[in-house]
Amino acid sequence: MNFSLLLPEWIALGTLLILIFREILNGPKSRNSSGIAILLTGTALLLLSLFFLRNSPGSAFGGTFVLDSFAVFFKIFFSLAAFVVLVSSRFFFRPLGGEKTAEFFLILWCALLGMLFLVSANDFLILFIALEIMTLSFYILTAYQKGNLASIEAGVKYLILGSLASAFIIYGIGLLYVVAGSTHFDSIQAAFAAQPGHKLLLLSALLILSGLCFKVAAVPFQLWAPDVYEGAPVPVVAFLSVGSKAAGFALLIRLIFTVFTPFDHERKILFPVLAAMTIIYGNLGAVVQKNIKRLLGFSSIAHTGYLLIGLAAARDSGLAALLYYLLTYALANLAIFFVLSLTANELKSDQIDAFRGLAERSPFLAASLFIALLSLAGVPPLAGFVGKFLILSAAIRDHLMWLALIGILAIPISLYYYLGVIRSMYLEEPVHTASITVPGSAKLILGLLITGILLAGFFQSPVFRIVENALQHF
Amino acid sequence: MIPIGHVLIVSGILFSIGLAGLLIRRNILLILLSIELMMNAANLLLIAGSALHGEADGQITAFFVMVIAAVEVTVGLAVAVLLFRTRQTVDTYDIKWLKG
């Protein structure tokens, strides 16, 4: 038994326990500043432990928990995303005052713990428990603003549809168990290989995949995304759009390319169709939106479509392109939601109209939003372009011309709605002229994110090496 | 021993009743109940599989699923109470604030 492999999880769990006991002992009077200090220390230790573990693959708990370079890649990804979200939620909640933020951080950290376990799962029981830790935390976070009707409604919708997806997944696991007699990935893969045409196995694979497609908001399981994105607090949407989606894709990759490998033929029929529907739905839905969070909800559906192309294409080029795209998407989305959480309390509205003249009120925030939105749209020197280029060329290399064509035709549509926000910021007259002050730490983190977007656009090979390194076991 | 085919049919029926209830019912409490039913259909499968293969891990998994289902309902009821406090309703037809 190798307990040191779980070092990041131990650290995350320890941080969680410290937070819980601090909250119990101090009661509602507890000051938030020391809470964030504990969390930031926790994140730093987490990253440090991952750095030491990066070259020592292995498994624990009888092979149900694996730590390979793929898992380490995603754990670093989640920790960094959680760090940015923690800082941004600090700026989001500070002016609101009335909300208790200590519990918010605690539940956010719980979601991170779930994600850390999720990417290491090598057994369907661990997978389900970790997935539920993550999703249940997100239900609570979505409905966190108790006084805000939109937040509660988003919470109810996410809870009902999310539980439905969980029920699908666990029913699929139950069917797998009846046929294979184990929940371990390796024995289930052996069962699939032995009886590839077994109806119950096909049904269970379909149920589990549809549950995961819900998590990444792929059409036809996307209905929750726009409502939840509109209603939930901004930092939660940031973590949902980056963390939850990445976790869903990590699981999809692991399942499709290890457990469900006997269904490679079905994969090549199913995923191109899903990807095409998702790209079309997301981009067309976003065109008419007036609310920026709802627009980003549809845009995240569209990006799920591009990421699904990575699963539809051949394994070698597709997976590398998928991870690259995920990185660029995460950088841009984190930057956008960071700006939104800084402006939310000043503008007091999520409507795109409220962003009129932001360039005059805060040139820095407007410029950051400008670069991040253009990167999402895939404008050349930026990171998003490289991601889209890799994804589309993977599709073309796998003779999915029609899919690549849909992906290319959707880019001008996405430019239209992203440029709508940019036009509002730069070309229209502001409603209020008071300038928005940006704290120094916010400037630093936002600056780093924007630098990341620019660097990942100009220098592809270092990022590509990270991605290749993550995929070396596949 | 009960043949596995029978268990599959019963659990399939339970799952379908749960799914139908979730789609038809408009009261959040009944929707939560339907979700519970779907999870219990999965539990039935896990326990039947455990008996079929003579291994205990299916039953252990079922315990974990029960715990998770309980947590799910707890969170669901908390959100339903929150909704009732602000809108005095738990009918899903009345929650149509977010759309577009």
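Computed from a predicted structure; not experimentally measured.

(A) Molecular detail of the side chain of K215 of chain A. Residues and elements named next belong to chain A. One can find K215 in helix α8 (residues 199-215). An unpaired buried charge is present at K215: no salt bridge exists, and E132, the closest side chain of opposite charge, is 5.2 Å distant. Discounting chain neighbours no more than four positions away, the residues touching K215 are L131, T135, G162, A165, S166, W224 and S244.

(B) Quick look at helix α6 (residues 149-180) of chain A. All names here are of chain A. In a regular helix each residue adds 1.5 Å, so 32 residues correspond to 46 Å; α6 covers 46 Å between its end C-alpha atoms and thus fits that length. Taking burial as the measure, the 32 residues of α6 include 30 buried ones, the bulk of the element. Two or three places before A150, at the start of α6, stands the capping residue N148, its side-chain oxygen 3.1 Å from that residue's backbone nitrogen. G181 sits one or two positions beyond α6 and adopts a positive phi of about 75°.

(C) Inspection of the domain arrangement of chain A at higher detail. All names here are of chain A. Taken domain by domain, chain A comprises domain 1 (1-259) and domain 2 (265-474). Its C-alpha centre places domain 1 at a distance of 22 Å from the equivalent point of domain 2. In this assembly, 47 residues from domain 1 lie in contact with 49 residues from domain 2. Between domain 1 and domain 2 we count 2 salt bridges in total. Run the count over domain 1 and domain 2 and you get 18 residue pairs in polar contact (both at pLDDT 80 or more). Those elements that provide at least two residues to the side of domain 1 that touches domain 2 are α3 (69-93), α8, α9 (224-231) and α10 (234-259). Among the elements that line the side of domain 1 that touches domain 2, the one with the most residues is α10, at 14 residues. A class-by-class count of the residues in the side of domain 1 that touches domain 2 yields 36 nonpolar, 6 polar and 5 charged.

(D) Broad picture of a nonpolar patch on the surface. Residue and element names in this part refer to chain A. Together, F3, L7, W10, L13, L17, F21, I24, L25 and F61 line one region of the surface with nonpolar side chains, adding up to about 890 Å² of accessible area. For I24, the location among the structural elements is in helix α1 (residues 7-26). The class of I24 is exposed, set by a relative accessible area of 55%.

(E) The arrangement of the interface of chain B and chain A in detail. Every contact between the two is made by 44 residues of chain B and, on the other side, 40 residues of chain A. In total, about 3700 Å² of surface goes out of reach between chain B and chain A, with carbon and sulfur atoms giving 81% of it. For the interface between chain B and chain A, the tally reads 0 salt bridges. Taken together, chain B and chain A are joined by 9 residue pairs in polar contact (both at pLDDT 80 or more). Looking at which element gives the most residues to the side of chain B that touches chain A, the answer is helix α3 (residues 57-87) of chain B, with 15 residues.

(F) Region of interest: helix α15 (residues 363-377) of chain A. All names here are of chain A. Taking 1.5 Å of rise per residue, 15 residues should cover 21 Å, and α15 covers 21 Å from first to last C-alpha, within 8% of that figure. All buried positions along α15 are accounted for by L365, A366, S368, L369, A372, L373, L374, S375, L376 and A377. G378 occupies a position one or two residues after α15 and carries a positive phi of about 90°.

(G) Region of the structure containing the nonpolar core. Residue and element names in this part refer to chain A. Among the nonpolar cores identified, the biggest contains 212 residues, and F74, F124, F138, F239 and L311 are the most heavily contacted of them. Here the element with the most residues in this core is helix α13 (residues 315-347); it accounts for 21 residues. The residue makeup of this core includes at least three contributed by each of domain 1 (1-259) and domain 2 (265-474). With residues near it in sequence (within four places) discarded, F74 still touches V119, A246, A250, L323 and L326. L6, A60, L67 and A71 belong to the second largest nonpolar core, which has 8 residues in total.

(H) How the structure looks around the pattern of salt bridges. Residues and elements named next belong to chain A. For the structure shown, the criterion picks out 11 salt bridges over all chains. Its salt-bridge partner being K157, residue D227 comes within 2.9 Å of it at the nearest N-O pair. Pair noted here: D227 is in helix α9 and K157 is in helix α6, with a separation of 70 residues, a long-range link. In this structure D227 comes out as buried when scored by relative accessible area, which is 10%. In this structure, the salt-bridge partner of K293 is D350, at a minimum N-O distance of 3.6 Å. Of this pair, K293 sits in helix α12 (residues 292-312) while D350 sits in the loop between α13 and α14 (358-361), and the two are 57 residues apart along the sequence. Assessed through its relative accessible area of 4%, K293 is described here as buried. Put simply, E153, K157, D227, E230 and R294 are held in one network by salt bridges that share partners.

(I) Geometry of the packing of aromatic side chains. Residue and element names in this part refer to chain A. A full pass over the atoms with the stated rule returns 29 aromatic pairs over all chains. Measuring from ring centre to ring centre gives 5.9 Å for F65 and F117, while their planes differ by 75°; the resulting arrangement is edge-to-face. Of this pair, F65 sits in strand β2 (residues 65-67) while F117 sits in helix α4 (residues 101-118), and the two are 52 residues apart along the sequence. We classify F117 as partly exposed; its relative accessible area is 24%. Members of the aromatic cluster, joined through ring pairs, are F70, F73, F74, F77 and F78. Against the face of F51 rests R54, its NZ or CZ located 4.2 Å from the ring centre. The cationic tip of K388 hangs over the ring face of Y306; the distance from NZ or CZ to the ring centre is 4.7 Å.

Reading the values: the criteria
Residues numbered from 1 in each chain as written. Chains lettered and ligands numbered in written order. Predicted model: local features only at pLDDT ≥ 70, side-chain atom pairs only at ≥ 80, totals over all residues. Heavy atoms only, no water. Helix = DSSP H or I, 4+ residues; strand = E, 2+ residues; numbered from the N terminus. Buried < 20%, exposed > 50% of the residue type's maximum accessible area, 1.4 Å probe, protein only. Lys, Arg positive; Asp, Glu negative; His and termini not counted. Salt bridge = Lys/Arg side-chain N within 4 Å of Asp/Glu carboxyl O. Contact = heavy atoms within 4.5 Å. Expected span 1.5 Å × (residues − 1). Polar contact = N/O pair within 3.5 Å; in protein donor to acceptor, adjacent residues only side chain to side chain. Domains from an automatic or database assignment. Nonpolar A, V, L, I, M, F, W, Y, C, P; charged D, E, K, R; others polar. Patch = residues over 30% accessible without salt bridge, like charges linked within 9 Å, V, L, I, M, F, W, Y side chains within 5 Å. Areas by Shrake-Rupley, 256 points an atom, 1.4 Å probe, with all protein chains shown as cover. Buried area = accessible area lost by both parts, 1.4 Å probe. Core = buried A, V, L, I, M, F, W, Y, C linked by side-chain atoms within 4.5 Å. Phe/Tyr/Trp six-rings, centres within 6.5 Å; stacked < 30°, edge-to-face > 60°. Lys NZ or Arg CZ within 6 Å of the ring centre and 35° of its normal.

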